[in-house]
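Residue-level structure breakdown
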Amino acid sequence: MATSILLLCAASTKLSRSGGFPGPADPLDEPGVQAAAACQLPSRYTAELRCSPAQSARETATAMGLTTRIDPALADIDHGHWAGCAFDEIAPDALASWLADPAGGAPGGETMAQVQARVGAWLDDIAAASGAICAVTHSMTIRAALAHALGLPLPATLAIDLAPLSRTMLSFNGRWRLQSLIPN
């Protein structure tokens, strides 16, 4: 039997709407809470539920009425010194450098390669399990998972838009396959 995973992107926060570097304590904004409360998972994904430790992911799961197990491997990329800052709070030259190479990470934070190693190890561990798993996580973590599962170059994954509450479905049966990308 194959392993199937649904990667659910956490609902919106103030910074995800306005542009910035989310921090682990950023709460959902009111539209995010409402959208998460209205979001439904396919029933096959409700038995095994995992969640990033970030407040936005935990609040997404709570608003959906889900009881999840916190999994540190699903944490968002650590934005280091810029965590919790809006784009307009960052020095323009520093922001321009990051925009030229976002995979390199923010000062004092993780690189995309580090996130890929973390979430890739997690994917490798669950590949052997049979059944369906849902994981509430973040767009950068999902991009890193796609890079690992599909052998994509990390910079290519940065061209994939993953909106709040979008769903990325992967399956494993000898190798990972992308089943679908579903916008909210």
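Our structure is the block above this text.
This write-up is about the structure you can find in this document. (Residues numbered from 1 in each chain as written. Predicted model: local features only at pLDDT ≥ 70, side-chain atom pairs only at ≥ 80, totals over all residues. Heavy atoms only, no water.)

Looking only at helices and strands, the chain features seven helices and eight strands. Relative to the compact-globule value of 16 Å for 184 residues, the chain shows a C-alpha radius of gyration of 16 Å, a close match. Structurally, the chain occupies a C-alpha span of about 50 × 35 × 25 Å along its principal axes. Considering the chain as a whole, with its 184 residues, one finds that 50% of them fall into the buried category. If you take every contact in the chain between residues at least 6 apart in sequence, the share linking residues at least 24 apart comes to 69%. Accessible area for the chain stands at about 8,500 Å²; split by element, carbon and sulfur atoms hold 55% of it. (Helix = DSSP H or I, 4+ residues; strand = E, 2+ residues; numbered from the N terminus. Rg over C-alpha atoms; globule rule 2.2 N^0.38 Å. Buried < 20%, exposed > 50% of the residue type's maximum accessible area, 1.4 Å probe, protein only. Contact = heavy atoms within 4.5 Å. Areas by Shrake-Rupley, 256 points an atom, 1.4 Å probe, with all protein chains shown as cover.)

A full pass over the atoms with the stated rule returns four salt bridges. Residue glutamate 48 is joined to arginine 50 by a salt bridge in which the shortest nitrogen-to-oxygen separation is 2.8 Å. Using a relative accessible area of 28% as the deciding quantity, one classes glutamate 48 as partly exposed. Here arginine 50 falls in the buried class, since its relative accessible area comes to 10%. (Salt bridge = Lys/Arg side-chain N within 4 Å of Asp/Glu carboxyl O.)

With a phi close to 70°, leucine 165 is a non-glycine residue in the positive phi region. For leucine 165, the location among the structural elements is in the loop between α7 (154-157) and β7 (167-172).

Attention shifts here to the pairing of strand β8 (residues 176-182). Direction of pairing for β7 relative to β8: antiparallel, over a ladder of six bridges. Paired with phenylalanine 172 across the strands is tryptophan 176, a residue of β8. Between the antiparallel neighbours β7 and β8 lie three residues, among them glycine 174 with a positive phi of about 90°. (Pairing = 2+ DSSP bridges.)

Here we have six strands laid out as an open sheet, ordered β4-β3-β6-β1-β7-β8, and mixed in their pairing. A strand with exactly one partner marks an edge of an open sheet, and here the two such strands are β4 (69-70) and β8. For strand β1 (residues 3-9) and β7, the ladder comprises six bridges, and the chain directions are antiparallel. Counted as the bridge partner of threonine 3 is phenylalanine 172 from β7. Its contacts with the sheet place helix α5 (residues 112-127) against β1, β3 (49-51), β6 (131-137), β7 and β8, and it is angled at close to 145° to β1. (Axes fitted to C-alpha atoms, helices over the stretch in contact; angles between N-to-C directions.)

Moving on to the environment of serine 139. Take serine 139: it is sitting in helix α6 (residues 139-150). Separated by 63 residues in sequence, serine 139 and aspartate 76 have C-alpha atoms that sit 7.8 Å apart. When neighbours within four sequence positions are excluded, serine 139 is seen to be in contact with Cys9 and Leu162.

The element β1 is largely enclosed, with a buried count of seven among its seven residues. Neither face of β1 is exposed, since Thr3, Ile5, Leu7 and Cys9 on one face and Ser4, Leu6 and Leu8 on the opposite face are all buried. In this structure, β1 lies alongside β6, joined through seven bridges in parallel fashion. Looking at β6, one finds that leucine 7 is bridged to alanine 135.

In the contact formed by α5 and α6, the axes pass within 8 Å of each other and the chain directions differ by 65°. Of the possible angle classes, the one that applies to α5 and α6 is roughly perpendicular. Remark: the crossing between α5 and α6 carries right-handed chirality. Side by side, α5 and α6 meet where Met112, Val115, Gln116, Val119, Gly120, Leu123 and Asp124 of the first sit next to Met140, Thr141, Arg143, Ala144, Ala145, Ala147, His148 and Ala149 of the second. Of the residues assigned to the contact of α5 with α6, the class counts are nine nonpolar, four polar and two charged. (Parallel < 35°, antiparallel > 145°, perpendicular 65-115°, else oblique. Left-handed = near helix turned anticlockwise from the far one by under 90°. Nonpolar A, V, L, I, M, F, W, Y, C, P; charged D, E, K, R; others polar.)

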